[in-house]
Amino acid sequence: MVKIFGKDRPGITAGLFDTLAAYAVDVVDIEQVVTRGRIVLCALVTAPPSGLEGDLRATVHSWAESVKLQAEIISGHGDNRPRGLGRSLVTVLGHPLTAESTAAIAACITGTGGNIDRVFRLAKYPVTAVEFAVSGTETEPLRTALATQAHALGVDVAVVAAGLHRRAQRLVVMDVDSTLIQDEVIELFAAHAGCEEEVAAVTTAAMRGELDFEESLHARVALLKDLDVSAVDKVRTEVRLTPGARTLIRTLKRLGYQVGVVSGGFTQVTDDLKERLGLDFAHANTLEIVDGRLTGKVTGEIVDRAGKARLLRRFAAEAGVPLEQTVAIGDGANDLDMLNAAGLGVAFNAKPMVREAAHTAVNVPFLDTVLYLLGITREEVEAADMHLDQD
């Protein structure tokens, strides 16, 4: 094994292998990393012809010294030690990511029998995101152990199985209220109807799981009776997207993902969001309007907790994406069935009971941080945006 380290500059890799080429060695493995302008380059090569190993060592050291690098050469037999069974990718989000929390996460991985094979930074802003490639332990017990540890440390951790599916075409389905947007749509309508406080109280109780969603929906919508239809356009203009929402959707779409929303809110808003954001799927409840006024009723099948999970499955079937390749994002009790049905369920700034039940949680106010859970780096996001600008 030939190891080169020092200040990075162009030509180091070419220079090393040009030096080794004179000894007719074969390349078995290469690994290179550059951190803060410092390079570590390792090459595993076959032994040179008999009697030439000493000459190879001297030549490599001489070349390294000439370019102000250091070299280390270790002789041995065989290839790299095989990785343990079980492959997982652990993504850690910190704002900030402290040494204490990193140590605890690493110790927890070791405690489950896992080995950290590689660590890679995905993003430095708006949060610090790093990915650990882990072998030697199965994904589910690792996820369970890290979920408890993450909550105690105040960081977000996602654990997914490694494999080709990580980059496969996928479907991402989001809740709308307090996930894709910062608002609760029914409360925006209630503000125009003069019953905001009454509606907000029922909404809060329903999202905590204290009330049956369908009953609470009918109760809240009834308070909107006789509201003029002009309020629909007003509410559409008042809706505020969550920071990072456009970036998340734009990046996913450029990568070939399909994106949809399901909502216990109303098609009068979700249809507008679908058109504005270029979503592939959207489904919600529909406010009944007669003679230019809301009747205080909804029409059609109610989109409730179970309905969201059914819609996730329907969207997946229509998209031709296996359910295990889906990602669901939500914040309330109404999203739990959908989060658990998806291959990866993400609780976004969610209520405590939702955080505990979901596969992973994100507790920073940037929706595009979900991209890091999918292994997409900040550099890739910015490159996609640059390409979009050029188009």
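Residues numbered from 1 in each chain as written. Predicted model: local features only at pLDDT ≥ 70, side-chain atom pairs only at ≥ 80, totals over all residues. Heavy atoms only, no water.

## Quick notes on the nonpolar core
The nonpolar side chains of soluble globular proteins are, as a tendency, buried together.
Move 1: Within the largest apolar cluster, 63 residues are counted, with the highest numbers of intra-cluster contacts made by Met174, Leu180, Phe189, Phe266, Leu273, Ile329 and Leu367.
Move 2: At five residues, helix H5 (residues 185–193) tops the list of elements feeding residues into this core.
Move 3: The next biggest cluster of nonpolar side chains, apart from the first, holds 22 residues, and it includes Leu171, Val173, Leu312 and Ala341. (Core = buried A, V, L, I, M, F, W, Y, C linked by side-chain atoms within 4.5 Å. Buried < 20%, exposed > 50% of the residue type's maximum accessible area, 1.4 Å probe, protein only. Helix = DSSP H or I, 4+ residues; strand = E, 2+ residues; numbered from the N terminus.)

## Overview of the sheet that holds strand S2 (residues 27–35)
Move 1: The strand order across the open sheet formed by four strands is S2-S3-S1-S4, and the pairing between neighbours is antiparallel. In this open sheet, the two edge strands, each paired with only one partner strand, are S2 and strand S4 (70–73). Taken over all neighbouring pairs, the strand axes of this sheet differ in orientation by 10 degrees on average, direction set aside.
Move 2: Bridge count for strand S1 (residues 2–7) against S4 is four bridges, and the pairing is antiparallel. (Pairing = 2+ DSSP bridges. Axes fitted to C-alpha atoms, helices over the stretch in contact; angles between N-to-C directions.)

## A word on the pattern of salt bridges
Move 1: Inspection of every chain in the model, using the stated rule, returns 14 salt bridges.
Move 2: For lysine 308, the salt bridge is made with aspartate 335, and the minimal N-O distance between the two is 2.6 Å. In this pair, lysine 308 sits in helix H11 (residues 305–319) while aspartate 335 sits in the loop between strand S13 (326–330) and helix H12 (336–341), placing the two residues 27 residues apart along the sequence. For the pair formed by lysine 308 and aspartate 335, the shared burial category is buried.
Move 3: Here glutamate 382 and arginine 378 are joined by a salt bridge, their closest N and O atoms 3.9 Å apart. (Salt bridge = Lys/Arg side-chain N within 4 Å of Asp/Glu carboxyl O.)

## Re the packing of helix H8 (residues 230–238) against helix H10 (residues 267–277)
Move 1: At their nearest, the axes of H8 and H10 sit 10 Å apart, and the two run at 50 degrees to each other. One way to sum up the angle between H8 and H10 is to call them oblique. Here H8 runs over H10; the crossing is right-handed. For the pair formed by H8 and H10, the contact residues are Val232, Val235 and Arg236 on the first element and Gln268, Val269, Asp272 and Arg276 on the second.
Move 2: Taken together, the residues of the contact of H8 with H10 sort by class into three nonpolar, one polar and three charged. (Parallel < 35°, antiparallel > 145°, perpendicular 65-115°, else oblique. Left-handed = near helix turned anticlockwise from the far one by under 90°. Contact = heavy atoms within 4.5 Å. Nonpolar A, V, L, I, M, F, W, Y, C, P; charged D, E, K, R; others polar.)

## Describing the environment of valine 261
Move 1: Counting through the fold element by element, valine 261 comes out in strand S10 (residues 258–266).
Move 2: Its relative accessible area of 0% is what places valine 261 among the buried residues.

## Points about the UniProt feature "domain: ACT" (unreviewed entry) in the protein chain
Move 1: In this numbering, the UniProt entry assigns the feature "domain: ACT" (unreviewed entry) to residues 1–81.
Move 2: End C-alpha to end C-alpha, residues 1–81 measures 13 Å, and it is 30% helix and 33% strand. (UniProt positions renumbered as here; feature names shortened; annotations may be inferred.)

## Some points on the environment of arginine 36
Move 1: Of note, arginine 36 is situated in the loop between S2 and strand S3 (38–45).
Move 2: Taking the C-alpha atoms as reference points, arginine 36 and aspartate 233, 197 residues apart in sequence, are found 51 Å from one another.

## Quick look at the packing of helix H1 (residues 12–21) against helix H2 (residues 53–66)
Move 1: In contact at an axis separation of 10 Å, H1 and H2 are set at 155 degrees when each is read in the N-to-C sense. Relative to H2, the element H1 is oriented roughly antiparallel. Relative to H2, the crossing made by H1 is right-handed. Each of Ile12, Gly15, Leu16, Thr19 and Leu20 in H1 lies in contact with H2, whose residues at this interface are Leu56, Thr59, Val60 and Trp63.
Move 2: Within the contact of H1 with H2, the residues separate by chemical class into six nonpolar, three polar and no charged.

## Observations regarding the environment of threonine 137
Move 1: Secondary-structure assignment places threonine 137 in the loop between strand S7 (128–135) and helix H4 (139–153).
Move 2: Residue threonine 137 is classed as buried on the basis of its relative accessible area, which comes to 7%.
Move 3: Separated by 25 residues in the primary sequence, threonine 137 and threonine 112 place their C-alpha atoms 6.6 Å from one another.
Move 4: Once residues within four sequence positions are removed from consideration, threonine 137 is found in contact with Leu85, Gly86, Arg87, Ser88, Thr112, Gly113, Gly114 and Leu142.
Move 5: Among the polar contacts made by the side chain of threonine 137, one reaches the main-chain carbonyl oxygen of threonine 112 at a distance of 3.2 Å. (Polar contact = N/O pair within 3.5 Å; in protein donor to acceptor, adjacent residues only side chain to side chain.)

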